[in-house]
Amino acid sequence: MRTILILIKKEFLQVFRNPLLMSILIVAPMVQFMIFPFCADYEIKVLDIAFIDHDGSRITQDIIHSFDASDIFVSHGIIQNKKDAEKMIQHDKIDILVEFPNQFEEDLMNGEATRIAITANAINTTKAGIGVGYTQEIIGGYMQKFQEDNMFIASEEQIPARLNLSYIYWYNEQMNYKNLIVPGILVILVTLIGCYVTALNLVREKEIGTIEQVNVTPIRRWQFLIGKMIPFWILGMVEFIMGLFIMKLVFGITVQGSIPMLLGITAIYLLVMLGLGFFISSVSENQLQAMFIVLFLFIIFVLLSGLFTPTEGMPQWAHYTNYLNPMSFYMEVIKKVVLKGSAFVSVQTETIVLSVMAVIVNTGAILSYQEKSK
Amino acid sequence: MNSIEVEHLTKKFGDFIAVNDISFQVKEGEIFGFLGANGAGKTTAIKMMSGLLQPTSGTAMVAGYDVITQSKLIKRNIGYMSQRFSLYNDLTVFENMQLFGTIYKIPRRELKDRIMDSLARLDMTKQANLLVNSIPLGWKQKLAFATAILHKPKIVFLDEPTSGVDPIVRREFWNLIYETASTGVTILVTTHYMDEAEYCHRISIMADGVIRLLGTPEELKKQVGVNTINDVFVEYVKH
């Protein structure tokens, strides 16, 4: 016990005396946390739109005006020439071009099928997708109203099917993007502290040779590893709690579920990452190698975790791979507890899986740490 | 009584034989010198004896324990000073000694006294709270030695303890070694300073993983027919 305490003291002294490490541990992640969510943001705030109106009727005028009422669209008015409009798209002046055909009003009034052409600048596919969605929503909304106002003219079956646009609400999910990315960044931070910093720590002692002086003492390898793990475990938890505060103060996201439960599961997840870090550290020869392995795993973890892309859209093999990805389980927990306020029952499976992973990874770390070279 | 008994100790790294079938004994309280050119296998031999490296074949008994099966017990009874300075640069002099003293389970109160005594002997009391980073190499080496003997080991392994330090510190260092040996501690020291070899009770000269010569400095000089250990060494490295 005294041995472990002195090792913890040693590790803390070293962390606090290392300005670079301190900044990696505290400053950099916090700055990242404050900046990243604002940049890595799929939310579209401004869409430039222009119109070509071959009809020039009251209805097309009304529709064009209804875009002015929207906060998102900046209308560039009616363009006379299609060539000019295309040029504007090419030069990124407009994102969306709406073209009304000849006799649009007349066809509509007669209940005949008619079409509006929506052209989107798809250089930014997300923006194009959302832009088309919003455009359809506004036109659809107008049509809905028009249809209700003109019930006596257009009977049910004569309404073009195209006007039934309920699927566009899919895009509304993006409006809540910050709520997802901010907790996600919290996950990334905890992972980085857990895995990255510890992976570099042990291998650094190998590089500078201090590990030899330790290995020649009668210390047991689990003592040595626990003495290293506890300080970084504490630091990780402190970081996580700081993150929760920032999340609340800056982004106004309150943890919906139980905070003690969230801390408990985070503690388990950190153990997985710490163990993984030490495992990597003890199989690596130098810091560069360790860094490379962590980076390799980290990118896979993040991409598969469902932070940037929904896991539902991934192929089957990716789902299977995800069973080995601690981050995806933890991400689930964060989503459920932070955003939905789920109770323990619904994160039970994830907690069990993470606990099993923690045991396996840490056993591996202790076994792989060789005090005696072969 | 013998502190160290090495028999047919061999270490291979792939096809390369770093230590090739060496055998020797070191008596209790003896200062035993390990001489040899760089790459002769001295460090490999020391690492096997201190339980840091698994031998390929052969046996070694250190402080009465088998290096292959009882390395934990050996570690409790030896002190080790690595060729490369391996104390923590970002801890203070005192913190380093406290760390290793605690790992060796020296009782808390006694530990503090021992550290202060030890620093007084090194004339480093004032430097107790300096970061190791900031003290000169010669002092670092003395500190490393003091830390290695803090837990009063029966045997101390010193791997090139004086390489890179000035003649005055080297002299001081050897005084420390003599002082320690006089309390019955066995010292096994490697060096490539031939004048230092003269201070040893017995020396062995290694080349290509093999012990070529073994005896007291006087015996070896007589055997080769030269006046200094330096000449003995040069004579043997020529082969």
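The structure presented is a predicted model; accordingly, all values stated were derived computationally and were not measured.

> Explain the confidence of the model for chain B to me, and be specific about the residues and the numbers.
Per-residue confidence for chain B gives a mean pLDDT of 92; residues scoring 70 or more make up 99%. Within chain B, helix α3 (residues 93-103) of chain B carries the highest mean pLDDT (96), whereas helix α9 (residues 229-238) of chain B carries the lowest (81).

> Describe in detail the layout of surface pockets, supporting the description with residues and values.
Approximately 590 Å³ is the volume found for the second largest pocket. Every residue lining the second largest pocket is counted, 23 residues in all, and those nearest its centre are K206(A), I211(A), E212(A), N215(A) and S373(A). Those elements that provide at least two residues to the lining of the second largest pocket are α8 (210-215) and α10 (259-283) of chain A together with α1 (42-49) of chain B. Its residues placed into classes, the lining of the second largest pocket shows six nonpolar, nine polar and eight charged.

> So, a nonpolar patch on the surface: which residues are in play, and what are the values?
Residues and elements named next belong to chain A. A grouping of V27, V31, M34, I35, F38, I241, F245, L249 and V250 is seen on the molecular surface, where their side chains present a nonpolar patch of about 830 Å² in accessible area. Secondary structure elements with two or more residues in the nonpolar patch: α2 (19-39) and α9 (221-251). The element that contributes the greatest number of residues to the nonpolar patch is α2, accounting for five residues. On the secondary structure map, F245 appears in helix α9.

> Account for the pairing of strand β1 (residues 2-13) of chain B, naming residues and giving values.
All names here are of chain B. Pairing analysis gives eight bridges linking β1 to strand β2 (residues 16-27), with the strands arranged antiparallel. Of the residues in β2, the one forming a bridge with N2 is K27. Joining the antiparallel neighbours β1 and β2 is a turn of two residues, in which G14 adopts a positive phi near 65°. Sheet topology places β1 next to strand β4 (residues 57-62); five bridges connect them, and they run antiparallel. Residue pairing in the sheet places E7 in a bridge with T59 of β4.

> Tell me about the pattern of salt bridges, residues and numbers included.
In the structure shown here, the tally under the stated rule is 20 salt bridges over all chains. The salt bridge involving K228(A) is made with E11(A); its shortest N-O contact spans 3.0 Å. Taken together, the residues K228(A) in helix α9 and E11(A) in helix α1 (residues 2-17) connect sequence positions 217 residues apart. E11(A) carries the same exposure label as K228(A), and that label is buried. The partner of D208(B) in a salt bridge is R212(B), and the shortest N-O contact between them spans 3.9 Å. Residue D208(B) is classed as exposed on the basis of its relative accessible area of 58%. Connected through shared salt-bridge partners, K10(A), E11(A), E205(A) and K228(A) make up one network.

> So what about empty space enclosed by the protein? Which residues, and what values?
Over the atoms rolls a probe the size of a water molecule, and its path tells where empty space is left. All told, the structure shown has four cavities of 30 Å³ or more when counted by the stated rule. Within this model, the second largest cavity holds a volume of roughly 50 Å³. Along its surface, the second largest cavity is lined by I6(A), K9(A), K10(A), L13(A), L91(B), E95(B), Q98(B) and L99(B). Taken together, the elements giving at least two residues each to the lining of the second largest cavity come down to α1 of chain A together with α3 of chain B. With four residues, the single largest contributor to the lining of the second largest cavity is α1(A). Class assignment for the residues of the lining of the second largest cavity results in four nonpolar, one polar and three charged.

> Could you give an account of the interface of chain B and chain A, naming the residues involved and the relevant values?
It is common to report an interface's size as the accessible area lost on association of the parts. Counting residues at the interface gives 39 residues for chain B, matched by 29 residues for chain A. Counting the surface lost from both chain B and chain A, the interface buries some 3,100 Å², and carbon and sulfur atoms represent 53% of this. Of all residues in chain B, the largest losses of buried area upon contact with chain A belong to K72(B), Y88(B) and I103(B), amounting jointly to 20% of the total for that side. Linking chain B to chain A there are two salt bridges. Linking chain B with chain A are 14 residue pairs in polar contact (both at pLDDT 80 or more), by the criterion used here. Of all the secondary-structure elements, those providing two or more residues to the side of chain B that touches chain A are β1, α2 (71-77), β6 (78-81), α3 and α4 (108-122) of chain B. By residue class, the composition of the side of chain B that touches chain A is 20 nonpolar, nine polar and ten charged.

The rules behind these values
Residues numbered from 1 in each chain as written. Chains lettered and ligands numbered in written order. Predicted model: local features only at pLDDT ≥ 70, side-chain atom pairs only at ≥ 80, totals over all residues. Heavy atoms only, no water. pLDDT = per-residue confidence, 0-100. Helix = DSSP H or I, 4+ residues; strand = E, 2+ residues; numbered from the N terminus. 1 Å grid on protein atoms, 1.4 Å probe; cavity = no way out; pocket = protein on both sides within 12 Å on 5 of 7 lines; lining within 4 Å. Points joined across faces, edges and corners; volume = space filled by probe spheres on them. Nonpolar A, V, L, I, M, F, W, Y, C, P; charged D, E, K, R; others polar. Patch = residues over 30% accessible without salt bridge, like charges linked within 9 Å, V, L, I, M, F, W, Y side chains within 5 Å. Areas by Shrake-Rupley, 256 points an atom, 1.4 Å probe, with all protein chains shown as cover. Salt bridge = Lys/Arg side-chain N within 4 Å of Asp/Glu carboxyl O. Pairing = 2+ DSSP bridges. Buried < 20%, exposed > 50% of the residue type's maximum accessible area, 1.4 Å probe, protein only. Contact = heavy atoms within 4.5 Å. Buried area = accessible area lost by both parts, 1.4 Å probe. Polar contact = N/O pair within 3.5 Å; in protein donor to acceptor, adjacent residues only side chain to side chain.

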